[in-house]
Amino acid sequence: MTRRLLVIGIGAGAPGHLTLQAIEAINRAEVFFVFDKGEASSELVEAREAILAAHRRAPWRLAWTQSPKRRAEARVHLDGRDAAAPGPAAEYRAGVAHWHAERAARLAARIEAELPEDGVGAMLVWGDPALYDSTLRILAGVRAVLALDVEVIPGISAVQALTSAHGLVLNEVGEKVTFTTGRRVLKDFSHEGTLVVMLDDGTGLEALIAREAEEAAAGAPPLAIWWGAYLGMKDELLMSGPLAEVGPEILRLRAQARAARGWIMDVWLVRTCSIKSRAIFSY
Ligand SMILES: C[S@@+](CC[C@H](N)C(=O)[O-])C[C@H]1O[C@@H](n2cnc3c(N)ncnc32)[C@H](O)[C@@H]1O
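Keep in mind it's a predicted model, so treat the numbers as computed, not measured.

Colleague: Can you explain helix H1 (residues 20-28)? Please cite residues and give values.
Modeller: For H1, the full list of buried residues reads Ala22, Ile23, Ala25 and Ile26. Each buried residue of H1 lies within a common arc of 160° when the element is viewed along its axis, so the set occupies one face. Against strand S1 (3-9), strand S2 (31-36), helix H2 (42-55), strand S4 (120-125) and strand S5 (148-153) lie the buried residues of H1.

Listed below in structure tokens is the structure:
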């Protein structure tokens, strides 16, 4: 008999993002493991509770695990430097690895204490568990010390929420798609294909706007951006158009929204696009 943990993708914020498979899994679990990260937004914690309230047919139990604090080197800004090179990037990776190991040790102890040997537990993961989420990495650490079967239930990611909100095809015909973070925008940007950017605090977008202005002066083709914040949630924000024109507006709107609400989650994609009229972008 082995304990089983369901890693359930719950979508990017809209209650309707949950799949039938996710709802079935929510009703199969006997306890839900949650990291107490002192999350910036209690709205995100409330969103998870609302999902349980809406879809769980029986009462549920939460088992909280205190998340260890991230050490300073796990928060260092990479400035687009090579993450494999020694220096701040390597320290960042080592810092994150150490933080994940600590979280795995605490979670393993909690699972062992809360779940009987034939029990089924679950973790609710924002969006899809495969995209910029550490849950599966942490569970690999748990499995190093505790016998545990892991079952992953896919979810609608913020990227899908973005493309559907704009009525957009993610890739251009036969072209590549690159996923990256705000920290790595300048390193990963090229005029080929589509660049999708998550986890940006606005500095990645600001840097790309400045880079485009320099490149445009040297004759490079223009870029277009499709941006979305609070996708699937109340007060969803969408904007799209030529980067040179709408990029600065997005930065202003982003700063206003963040100040008003206390937090923001946004995702954007850019690619070379010769359409100059902003009206064509609105959907
Ligand atoms: C830690 S990652 C988690 C991604 C998640 N696993 C997914 O599949 O979408 C958090 C980032 O996802 C994006 N994100 C998640 N939910 C979002 C939403 N509702 N609206 C806009 N961006 C969102 C933002 O880029 C945010 O910085």
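Continuing now.
Colleague: Could you give an account of helix H8 (residues 243-261), with specific residues and numbers?
Modeller: Helix length check: H8 (19 residues) gives 25 Å between terminal C-alpha atoms against 27 Å at 1.5 Å per residue, within 8%. Those residues of H8 hidden inside the fold are in contact with H2, helix H7 (203-217), strand S8 (223-229), strand S9 (237-242) and strand S10 (266-272). Among the residues trailing H8, Gly262 stands out with phi positive, at a value near 90°.

Colleague: Describe the environment of Asp36, with residues and values.
Modeller: The topology assignment puts Asp36 in strand S2. Asp36 sits in the partly exposed class, given a relative accessible area of 30%. Sequence separation of Asp36 and Ala63 is 27 residues, and the distance between their C-alpha atoms is 9.9 Å. For Asp36, the contacting residues outside a window of four places in its chain are Trp64, Thr65, Gln66 and Ser67.

Colleague: Explain unusual backbone geometry residue by residue, including any values.
Modeller: Positioned with a positive phi, Tyr132 is a non-glycine residue whose angle comes to about 45°. Mapped onto the elements, Tyr132 comes out in the loop between S4 and helix H4 (135-145). One non-glycine residue, Tyr230, adopts positive backbone phi at about 50°. Considering the arrangement of structural elements, one finds Tyr230 in the loop between S8 and S9.

Colleague: Any details on the site of the ligand? Residues and values, ideally.
Modeller: Close contacts around the ligand come from 17 residues, with Ala12, Asp128, Leu131, Ala158 and Asp266 the closest. Here Asp128 contributes a backbone N or O atom positioned 2.8 Å from an oxygen atom of the ligand. A distance of 2.8 Å separates a nitrogen atom of the ligand from a polar backbone atom of Leu131. Here the ligand, which alone exposes 570 Å², has 90% of that area covered by the protein. Each of two domains, domain 1 (3-153) and domain 2 (158-280), supplies a minimum of three residues to the shell around the ligand.

Colleague: If you had to explain the sheet that holds S4 to someone new, which residues and values would you point to?
Modeller: The parallel open sheet is built from 5 strands, whose spatial order is S3-S2-S4-S1-S5. Two strands close off the open sheet at either side, each with one partner strand: strand S3 (62-66) and S5. Mean inter-strand twist for the sheet, computed between neighbouring axes without regard to direction, equals 30°. Pairing of S2 with S3 involves 5 bridges; the strand directions are parallel. Bridge pairing links Phe32 to Leu62 in S3. Strands S1, S2, S4 and S5 of the sheet are contacted by H1, whose axis makes an angle of about 145° with S1.

Colleague: Go over a negative patch on the surface, please, and point to the residues and values.
Modeller: Negative charge collects at one region of the surface, where Glu30, Glu112, Glu117 and Asp118 lie side by side. Relative to the helices and strands, Glu117 resides in the loop between helix H3 (88-114) and S4. What makes Glu117 exposed here is its relative accessible area of 53%.

Colleague: Talk me through the sheet that holds S8; I want residue IDs and the actual numbers.
Modeller: Pairing within the open sheet is mixed, and its 5 strands lie in the order S6-S7-S10-S8-S9. At either end of the open sheet lies a strand with only one pairing partner, and these are strand S6 (177-181) and S9. Neighbour-to-neighbour, the strand axes of the sheet open up by a mean angle of 15°, direction not taken into account. Across 6 bridges, the pairing between S8 and S9 is antiparallel. Note that in S9 the partner of Gly228 across the bridge is Leu238. Packing against the sheet, H8 makes contact with S8, S9 and S10, and its axis sits at approximately 160° to S9.

Colleague: Lay out the layout of surface pockets in plain terms, naming residues and giving numbers.
Modeller: Roughly 170 Å³ of internal volume is contained in the second largest pocket. Along the walls of the second largest pocket sit Gly13, Glu43, Leu44, Glu46, Ala47, Trp126, Gly232, Met233, Lys234, Arg261 and Trp263, which together make up its complete lining. By residue number, the principal contributor to the lining of the second largest pocket is H2, which donates 4 residues. A per-class count over the lining of the second largest pocket returns 5 nonpolar, 2 polar and 4 charged. Two domains share the lining of the second largest pocket, each providing at least three of its residues, namely domain 1 (3-153) and domain 2 (158-280).

Conventions we followed
Residues numbered from 1 in each chain as written. Predicted model: local features only at pLDDT ≥ 70, side-chain atom pairs only at ≥ 80, totals over all residues. Heavy atoms only, no water. Buried < 20%, exposed > 50% of the residue type's maximum accessible area, 1.4 Å probe, protein only. Helix = DSSP H or I, 4+ residues; strand = E, 2+ residues; numbered from the N terminus. Arc of directions from axis to C-beta. Contact = heavy atoms within 4.5 Å. Expected span 1.5 Å × (residues − 1). Near = heavy atom within 4 Å. Polar contact = N/O pair within 3.5 Å; in protein donor to acceptor, adjacent residues only side chain to side chain. Areas by Shrake-Rupley, 256 points an atom, 1.4 Å probe, with all protein chains shown as cover. Domains from an automatic or database assignment. Pairing = 2+ DSSP bridges. Axes fitted to C-alpha atoms, helices over the stretch in contact; angles between N-to-C directions. Patch = residues over 30% accessible without salt bridge, like charges linked within 9 Å, V, L, I, M, F, W, Y side chains within 5 Å. Salt bridge = Lys/Arg side-chain N within 4 Å of Asp/Glu carboxyl O. Lys, Arg positive; Asp, Glu negative; His and termini not counted. Charge placed at Lys NZ, Arg CZ, Asp CG, Glu CD. 1 Å grid on protein atoms, 1.4 Å probe; cavity = no way out; pocket = protein on both sides within 12 Å on 5 of 7 lines; lining within 4 Å. Points joined across faces, edges and corners; volume = space filled by probe spheres on them. Nonpolar A, V, L, I, M, F, W, Y, C, P; charged D, E, K, R; others polar.

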